[in-house]
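Fold and geometry: a report
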Amino acid sequence: METRITESKNTSANVNFDIDFNVLDIQEEEDKLIDFLEFTVLIKAKIKNSILFKIELTMEGVFLGNPNKLNKDDFENMLKLNGV
């Protein structure tokens, strides 16, 4: 996190959000599919050309699937649609 003190009063900040995810690694074991999903958020607020604050957040989740009911591709598609 990065924050700066500014003297600007009665000025609104321009806030931008960048949100993304990554399917890190799908592993197949005997009785389960395991995946780590990474969710990233970057928030920046600026007043004119000065950064007011910047927040970077990364979260990881672990998901399990049953290979008897889902193949690896369906598991990955489900993660991309519902995991995030």
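So, here's what we can say about the structure. (Residues numbered from 1 in each chain as written. Predicted model: local features only at pLDDT ≥ 70, side-chain atom pairs only at ≥ 80, totals over all residues. Heavy atoms only, no water.)

A tally of regular secondary structure across the protein gives one helix and four strands. The order of helices and strands in the protein, counted from the N terminus, is β-β-β-β-α. Counting across all 84 residues of the protein, residues that qualify as buried make up 17%. Pairs at least 24 residues apart make up 56% of the contacts formed inside the protein by residues separated by at least 6 positions. (Helix = DSSP H or I, 4+ residues; strand = E, 2+ residues; numbered from the N terminus. Buried < 20%, exposed > 50% of the residue type's maximum accessible area, 1.4 Å probe, protein only. Contact = heavy atoms within 4.5 Å.)

Relative to strand β3 (residues 33–47), strand β2 (residues 14–28) runs antiparallel, the two sharing 14 bridges. In the sheet register, Phe21 faces β3, and the bridge partner there is Phe39. Adjacent in sequence and paired antiparallel, β2 and β3 are bridged by four residues. (Pairing = 2+ DSSP bridges.)

A separate point is the pattern of salt bridges. Applying the stated criterion across every chain, the model contains one salt bridge. A salt bridge links Glu76 to Lys80; its shortest N-O distance comes to 3.4 Å. Pair noted here: Glu76 and Lys80 are both in helix α1 (residues 72–83), with a separation of four residues, about one helical turn. With a relative accessible area of 26%, Glu76 lands in the partly exposed category. (Salt bridge = Lys/Arg side-chain N within 4 Å of Asp/Glu carboxyl O.)

Right, let's talk about unusual backbone geometry for a bit. Excluding glycine, residues mostly have negative phi values, and the peptide bonds linking residues are mostly trans. Positive phi outside glycine occurs at Lys48, with the angle close to 55°. When you line up the elements, Lys48 lands in the loop between β3 and β4 (50–65).

Below, the discussion takes up the side chain of Asp35. Topologically, Asp35 is positioned in strand β3. Of the buried charged residues, Asp35 lacks a salt bridge, with Lys72 as the closest side chain of opposite charge at 8.8 Å. Reaching out from Asp35, the side chain makes a polar contact with the backbone nitrogen of Asp25 at a distance of 3.4 Å. Dropping the residues within four chain positions of it, Asp35 is found in contact with Val23, Leu24, Asp25, Ile26, Gly61, Val62, Phe63, Phe75 and Leu79. (Lys, Arg positive; Asp, Glu negative; His and termini not counted. Polar contact = N/O pair within 3.5 Å; in protein donor to acceptor, adjacent residues only side chain to side chain.)

Once that is clear, we can look at the pairing of β3. Across 15 bridges, the pairing between β3 and β4 is antiparallel. Its bridge partner lying in β4, Ile47 is registered against Ser50. Counting the residues in the hairpin turn of β3 and β4 gives two residues, including Lys48, whose phi is positive at 55°.

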